[in-house]
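Chain residues, written in single-letter form:
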Amino acid sequence: MGLMLDTVGKLIARYLQKELPGYEPFTPSDPERLREVIREGDVLLVEGNNHISGIIKYLTQSTWSHAALYVGPIEGAMEPDGEPHVLIEANIGEGVTSVPLSKYFPYHTRVCRPVGLSYEDRTTVCRYAINRIGFGYDTKNILDLMRYLIPLPIPQRWRRRMIAFGSGDPTKIICSALIAQAFDAVRYPILPKITRGGSRQARREILHIRDSSLYMPRDFDISPYFEVVKPTIELGFDYTALHWADKQKPLPEVAGAFGPFPEPISAPALSSETSGAETKFPGEEVIINPRIRLVA
């Protein structure tokens, strides 16, 4: 019986992790800029494109469906081409693994950095995640997997709980829960404390979110204790150096020939002969004498 459940669970997990064709991010980060900017302790949010990513986006009402922790090069973990593994993540069916940064170059990503985290605590957070490499998810518990196969409208108050796995085993972790546990090891906050404002339901939701299994990838994005670091502009950005495919940059002499506002029209000078007449504008009827009408 256990073997059959494990087989069915692996099939479901493989389906949920299968990528959908035709994905193209709107604004992927520049790989070299991302390598230069990201540092230990940063949380990398990812807009995934597999089946479970779409479900998580729906349940969380967010762009981000996955999160990974940047811990720097891990000793003995690297790709066949020599690229070191620098990210720790948790996936259904795979468990907690290490991966290279290049895995998410083709995706829309966001870097969230904990503000004011000391060097010692940052090292502790990274070490906590590294020590959990190999932790997995028991695919025999197919009830936790099948919840992602039911495309039914979910009330908002239940959506967060649909993300968490229900096994209760601390060695079975999802991506955001793993990172939440790592920061909890140094008592670093992710979401704000309860305040007097808001409804009773909102306060209850914040209370529940203290459980690491209920954290979502988007929580690092909206947290007041994490700053968003954008690699494209972090090291300096010059918009004048961009090359547009649809139009050429105007020449200086052409660009200077036109202004945003038209030149003011100067009024005609008054001569001595018409000093007693009203000012005349082009196309306006001028009355000099009640019996004589002139049209300019």
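All of the points below concern the structure found in this document. (Residues numbered from 1 in each chain as written. Predicted model: local features only at pLDDT ≥ 70, side-chain atom pairs only at ≥ 80, totals over all residues. Heavy atoms only, no water.)

## Regarding the pairing of strand E3 (residues 87-91)
Alright, step 1. Counting buried residues along E3, five of its five residues qualify, which places the element largely inside the surrounding structure.
Alright, step 2. The side-chain alternation of E3 yields two buried faces, one formed by Leu 87, Glu 89 and Asn 91 and the other by Ile 88 and Ala 90.
Alright, step 3. Sheet topology places strand E2 (residues 66-70) next to E3; two bridges connect them, and they run antiparallel. Within E3, the residue paired with Tyr 70 across the bridge is Leu 87.
Alright, step 4. Here E3 pairs with strand E4 (residues 95-99) via five bridges, running antiparallel. (Buried < 20%, exposed > 50% of the residue type's maximum accessible area, 1.4 Å probe, protein only. Helix = DSSP H or I, 4+ residues; strand = E, 2+ residues; numbered from the N terminus. Pairing = 2+ DSSP bridges.)

## Focus on the sheet that holds E2
Alright, step 1. Judged by pairing direction, the sheet is antiparallel, and its six strands sit side by side in the order E4-E3-E2-E1-E5-E6 without closing on themselves. Single-partner strands in this sheet number two, and they are E4 and strand E6 (226-229). Direction aside, neighbouring strands of the sheet carry axes that sit 30° apart on average.
Alright, step 2. Against the sheet, helix H4 (residues 119-130) contacts E2, E3 and E4, and its axis sits at roughly 120° relative to E2. (Axes fitted to C-alpha atoms, helices over the stretch in contact; angles between N-to-C directions. Contact = heavy atoms within 4.5 Å.)

## Digging into unusual backbone geometry
Alright, step 1. Phi angles above zero are rare outside glycine, and Arg 187 is one such case at about 60°.
Alright, step 2. By the element assignment, Arg 187 lies in the loop between helix H7 (175-184) and helix H8 (200-208).
Alright, step 3. Arg 187 gets classed as exposed once you look at its relative accessible area, which sits at 66%.

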